[in-house]
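The primary structure of each chain is shown beneath.
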Amino acid sequence: MPLHHAVLALLTRRPNHGYELKARFEEAVGPQWGGLNIGHLYQILERLVRDGYVSRSQVTQADRPDKNLYTLTEAGEAELRSWATTAWVRVGGFRDELFLKLLGAVALGPQALTTLIDSQRQTYLSELAGLAQQRRAHAAEPLVAVLIDAAIAHTKADLGLLDSAAQHLGPLATAQSAQAQAPERSHAQVQGDTDEAGGHGGRRGDRTESA
């Protein structure tokens, strides 16, 4: 539950209320991660309180409604330390819609595969240009810069994947296209043979009658 642990990390500095945590999270990770839904954040905080990792207290405000203040507990700090100091292991496989698109393009033949790869390459190049701008804009924010660098590295790797896809899947798309066309040619040839045989039969019949 990475977002749960990110909230614990933010609470190591000082207690916060929900909207402060939302703002600090979005500032810390930058635009690449995206915004944090406040409703989801409060669900996370409820669970952290229930698990004993965070305590909740009410702060009275003279001109506003009372607000909940969340504080990291010793158990929460221990949980954060355990999570933050162990390696991340991918457990869900590697899923990307691009691979399903490649499946579909290969089934449609080499022209469809080339169209997809060219279109995807232009998309990645546009993403790289945008990421380069973000990198310059956030050069003074180390954590945000690292996340953008990761996005740049992933996008460059994806570009390399397109070259691999063209090399390995091109022949497969051509072969599948040929196999798909073979039954059509076979059917047309059988139909032609049948028509020709019918024509000969008719002519033989005519000669027999005239004899």
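Definitions and cut-offs
- Residues numbered from 1 in each chain as written.
- Predicted model: local features only at pLDDT ≥ 70, side-chain atom pairs only at ≥ 80, totals over all residues.
- Heavy atoms only, no water.
- Helix = DSSP H or I, 4+ residues; strand = E, 2+ residues; numbered from the N terminus.
- Buried < 20%, exposed > 50% of the residue type's maximum accessible area, 1.4 Å probe, protein only.
- Contact = heavy atoms within 4.5 Å.
- Areas by Shrake-Rupley, 256 points an atom, 1.4 Å probe, with all protein chains shown as cover.
- Core = buried A, V, L, I, M, F, W, Y, C linked by side-chain atoms within 4.5 Å.
- Phe/Tyr/Trp six-rings, centres within 6.5 Å; stacked < 30°, edge-to-face > 60°.
- Salt bridge = Lys/Arg side-chain N within 4 Å of Asp/Glu carboxyl O.
- Axes fitted to C-alpha atoms, helices over the stretch in contact; angles between N-to-C directions.
- Parallel < 35°, antiparallel > 145°, perpendicular 65-115°, else oblique.
- Left-handed = near helix turned anticlockwise from the far one by under 90°.
- Nonpolar A, V, L, I, M, F, W, Y, C, P; charged D, E, K, R; others polar.
- pLDDT = per-residue confidence, 0-100.
- Expected span 1.5 Å × (residues − 1).
- Arc of directions from axis to C-beta.

S.K.: Would you mind showing me how to read the overall build of the chain here?
M.R.: What the chain contains, in helices and strands, is seven helices and two strands. Secondary structure elements of the chain occur, N-terminal to C-terminal, as α-α-α-β-β-α-α-α-α. For the chain, the residues scored as buried account for 25% of the 211 residues in total. Residue pairs at least 24 apart in sequence account for 57% of intrachain contacts in the chain once pairs closer than 6 positions are excluded. With an accessible surface of roughly 14,100 Å², the chain has 55% of that area assigned to carbon and sulfur atoms.

S.K.: Explain the nonpolar core to me, please; I cannot follow it from the model alone.
M.R.: One broad rule of soluble globular proteins: the nonpolar side chains tend to lie buried together. Residues Val7, Leu8, Leu11, Leu21, Phe25 and Leu48 are the most contacted members of the largest nonpolar core, which totals 19 residues. At the level of secondary structure, the elements contributing two or more residues to this core comprise helix H1 (2–10), helix H2 (18–29), helix H3 (38–50) and strand E2 (67–72). In terms of residues, this core owes the most to one element, H1, which gives five residues. With residues up to four places along the chain from it excluded, the contact list for Leu48 reads His4, Val7, Leu8, Tyr53 and Val54.

S.K.: Looking at this structure, I do not really get the packing of aromatic side chains. What am I missing?
M.R.: A ring pair, where both rings are aromatic, is described by two values, the distance of the centres and the angle of the planes. Scanning the model with the defined rule gives two aromatic pairs in all. Note on Tyr19 and Tyr42: the rings are 6.5 Å apart at their centroids and 75° apart in plane angle, and the pair reads as edge-to-face. Of this pair, Tyr19 sits in helix H2 while Tyr42 sits in helix H3, and the two are 23 residues apart along the sequence. Ring geometry for Phe25 versus Trp33: centroids 6.2 Å apart, planes at 85°, classification edge-to-face.

S.K.: When you look at the pattern of salt bridges in this model, what are you seeing that I'm missing?
M.R.: Two side chains carrying opposite charge are able to pair once their charged atoms lie near each other. Under the defined criterion, the tally for this structure stands at seven salt bridges. The salt bridge involving Asp118 is made with Arg121; its shortest N-O contact spans 3.8 Å. Residue Asp118 and its partner Arg121 are located together in helix H6 (residues 110–137), separated by three residues, close to a single helical turn. The exposure class assigned to Asp118 is partly exposed, which follows from its relative accessible area of 41%. Assessed through its relative accessible area of 22%, Arg121 is described here as partly exposed. One continuous salt-bridge network, built from bridges that share partners, spans Asp118, Arg121 and Asp163.

S.K.: I would appreciate a short explanation of the packing of H1 against helix H4 (residues 74–84) in the present structure.
M.R.: Relative orientation and spacing of two packed helices are given, respectively, by the angle between their axes and the distance between those axes. Where H1 contacts H4, the two axes come as close as 10 Å, and the packing angle between them is 120°. With respect to their mutual orientation, H1 and H4 come out oblique. As H1 packs across H4, the resulting crossing turns out to be left-handed. Of H4, the residues touching H1 (which contributes Pro2, His5, Leu8 and Ala9) are Gly76, Glu79, Leu80 and Trp83. Residues of the contact of H1 with H4, tallied by class, amount to five nonpolar, two polar and one charged.

S.K.: Whenever I open this one, the confidence of the model for the chain confuses me. Can you help?
M.R.: Reading predicted coordinates in detail is not appropriate for stretches of low pLDDT. Considering every residue of the chain, the mean pLDDT works out to 84; 85% of them sit at 70 or more. Here helix H7 (residues 142–210) stands out as the element of the chain with the lowest mean pLDDT, 74, in contrast to H3, whose mean of 95 is the highest. Considering only residues more than four positions removed or in separate chains, one finds that residues 207–211, a stretch of pLDDT under 50, has zero contacts.

S.K.: Would you explain H2 in this entry?
M.R.: Given 3.6 residues per helical turn, the α-helix brings residues three or four places apart onto the same face. The first and last C-alpha atoms of H2 sit 17 Å apart over 12 residues, in line with the 16 Å expected at 1.5 Å per residue. When H2 is considered as a whole, its buried residues turn out to be Gly18, Leu21, Arg24, Phe25 and Val29. Taken around the axis of H2, the buried residues stretch over an arc of 125°, which confines them to a single face. In the stretch just after H2, Gly30 is the one whose phi turns positive, near 80°.

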